[in-house]
Amino acid sequence: MRVLIGGGSGFVGRELTRLLRNKGHEVTVISRQPGPGKITWGELESHGLPPCEGAVNLAGENLMNPLRWWNESYKKDLFSSRIDTTKTLAQAIAASSTPPHSWVLVSGVACYKPSQTAEYTEDSEWTPFDLLSKLVKEWEASALLPEDVAKTTKQVIIRPGAVLGRDGGAMKQMLLPFWLGLGGTLGSGRQPFPWIHVSDLAGIIAHALEPPSDTPCPLPQVFNGVAPALNTNHEFTKELGRLLRRPTIFPVPGFVMNTLMGSERAVVLTQGQKVIPKKTQEAGYEYKYPDLTSALTEIVGS
């Protein structure tokens, strides 16, 4: 199978590329920079979709980029980097004489309203309530294929939580304070912390790329890309501290997070949602890292 990956050189993209190539698939990355095994977004727009059986979009400016101040220009980039690339790919698929059999968009769980009690499955109704949920709404809408194309191309949306792994994602910025003995809960620590190991997110995407067994549904299938374990930020913090043999006694108050990151962005860490991967498990995906201990042990190598 040939797979086209937008944003394939990022943290999740590298893991997905590795997994697909190990399974014997051919991968072409859509990137801003040309190179072997790559095409650029400009080439995609001017020459159309290269022959492929699957397409995935992972492109987008990093929400937690520590080098960028939370301001209007950054917010604009967050929206345009996701929505423009998704539209470009969806339009190329729609215009192709041989569209792929599977089209996967990876968005996020920010669509679900933070709550310590509500539990969200893929069937949960939601309406935008803040900046990031508006982003998810527009992003997912920009992926929709015309009805005639959706009859042959399966559309899938995967909504991951915090993606944990060794060489990027949420862990990259968390590990230093923990090693220094300065790790602690964020805000109250009671907030749910939906997470997934990067290997499992790549596995769920690969699973979603498989050819449909029957005529695709005209609406996208949605899968929550989270581990089945329901953890709080406090549980995550304590387990990481235990594996690193470091104290976790320095909680970071919510107002500090809001000041450092901007309140619209800090909400991802200071508030959370109980997200259940109901459809993901029903589709037969088997997790390599279903619980925090196995995931964090693989990452920090204890």
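Above this text sits the structure in question.
Below is a summary of the structure that appears in this document. A quick note: this is a predicted structure, and the numbers were derived from the prediction, not measured.

Reading the values: rules and limits
- Residues numbered from 1 in each chain as written.
- Predicted model: local features only at pLDDT ≥ 70, side-chain atom pairs only at ≥ 80, totals over all residues.
- Heavy atoms only, no water.
- Helix = DSSP H or I, 4+ residues; strand = E, 2+ residues; numbered from the N terminus.
- Buried < 20%, exposed > 50% of the residue type's maximum accessible area, 1.4 Å probe, protein only.
- Patch = residues over 30% accessible without salt bridge, like charges linked within 9 Å, V, L, I, M, F, W, Y side chains within 5 Å.
- Areas by Shrake-Rupley, 256 points an atom, 1.4 Å probe, with all protein chains shown as cover.
- Salt bridge = Lys/Arg side-chain N within 4 Å of Asp/Glu carboxyl O.
- Pairing = 2+ DSSP bridges.
- Axes fitted to C-alpha atoms, helices over the stretch in contact; angles between N-to-C directions.
- Contact = heavy atoms within 4.5 Å.
- Core = buried A, V, L, I, M, F, W, Y, C linked by side-chain atoms within 4.5 Å.
- 1 Å grid on protein atoms, 1.4 Å probe; cavity = no way out; pocket = protein on both sides within 12 Å on 5 of 7 lines; lining within 4 Å.
- Points joined across faces, edges and corners; volume = space filled by probe spheres on them.
- Nonpolar A, V, L, I, M, F, W, Y, C, P; charged D, E, K, R; others polar.
- Phe/Tyr/Trp six-rings, centres within 6.5 Å; stacked < 30°, edge-to-face > 60°.
- Lys NZ or Arg CZ within 6 Å of the ring centre and 35° of its normal.
- Arc of directions from axis to C-beta.

Take unusual backbone geometry next. Of note in the backbone geometry, arginine 245 takes a positive phi value of approximately 55° without being a glycine. As for its position among the elements, arginine 245 is in the loop between helix H8 (233–244) and helix H9 (254–261). Assessed through its relative accessible area of 69%, arginine 245 is described here as exposed.

A cluster of nonpolar side chains, contributed by Leu176, Leu180, Leu182, Ile249 and Phe250, occupies part of the molecular surface with about 530 Å² of accessible area. Inspection of the secondary structure assignment puts isoleucine 249 in the loop between H8 and H9.

In space, the seven strands of this open sheet follow the order S3-S2-S1-S4-S5-S7-S10, with parallel pairing throughout. Strands with a single pairing partner mark the edges of an open sheet, and in this sheet they are strand S3 (38–40) and strand S10 (221–225). The sheet shows a mean angle of 20° between the axes of neighbouring strands, taken without regard to direction. Here strand S1 (residues 2–6) pairs with strand S2 (residues 26–31) via five bridges, running parallel. Residue arginine 2 lies in a different strand from S2, and its bridge partner there is glutamate 26. Contacts from helix H7 (residues 198–209) reach S1, strand S4 (54–57), strand S5 (102–106), strand S7 (154–160) and S10, with the element oriented near 170° to S7.

Glancing now at the nonpolar core. Ranked by size, the top nonpolar core spans 34 residues in total, and within it Leu4, Ile30, Leu44, Leu49, Leu89, Ile93 and Trp103 carry the most contacts. Elements that contribute at least two residues to this core include exactly helix H2 (41–47), helix H3 (72–95), S5, helix H4 (131–141), H9 and helix H10 (263–270). The dominant element in this core, judged by the number of residues it contributes, is H3, at eight residues. If sequence neighbours within four positions are ignored, leucine 4 has contacts with Thr28, Ile30, Ile39, Leu44, Leu49, Pro50, Cys52, Gly54, Ala55, Val56 and Leu89. Core analysis: the next-biggest nonpolar cluster, separate from the first, contains 27 residues, Val29, Val104, Ile158 and Tyr287 among them.

Right, let's talk about the layout of surface pockets for a bit. The calculated volume of the second largest pocket comes to roughly 470 Å³. Along the walls of the second largest pocket sit 18 residues, with Trp126, Glu140, Arg159, Pro220 and Val222 positioned nearest its centre. Secondary-structure elements contributing two or more residues to the lining of the second largest pocket are H4, S7 and S10. Take the lining of the second largest pocket: its biggest share by element is four residues, from H4. Looking at the lining of the second largest pocket, its residues break down into nine nonpolar, two polar and seven charged.

This next bit is on the packing of aromatic side chains. By the definition in use, this model includes four aromatic pairs. Look at tyrosine 112 and tyrosine 120: their rings are 4.9 Å apart centre to centre, the planes differ by 15°, and that puts the pair in the stacked class. For tyrosine 112, a relative accessible area of 0% puts it in the buried group. Ring geometry for tyrosine 285 against tyrosine 287: centres 5.2 Å apart, planes inclined by 80°, an arrangement best described as edge-to-face. One residue, lysine 137, lies across the ring of tryptophan 126, its end atom 4.8 Å from the ring centre.

With that settled, the discussion passes to the pattern of salt bridges. As enumerated under the stated definition, the model contains 13 salt bridges in all. For aspartate 167, the salt bridge is made with arginine 14, and the minimal N-O distance between the two is 3.9 Å. You can see aspartate 167 sitting in the loop between strand S8 (162–165) and helix H6 (169–179) and its partner arginine 14 sitting in helix H1 (residues 11–22), a full 153 residues away along the chain. Look at the salt bridges and you will find they share partners, linking Asp123, Lys278, Lys279 and Glu282 into a network.

Right, let's get into H6. Of all the positions in H6, only Met171, Met174, Leu175 and Phe178 are classed as buried. One face of H6 carries all of its buried residues, which in axial projection span an arc of 115°. For H6, the exposed residues set more than 90 degrees away from the buried face come down to Lys172 and Leu176. Buried-residue contacts for H6 involve S8, H8 and helix H12 (292–300). The first or second residue beyond H6 is glycine 181, which carries a positive phi of 80°.

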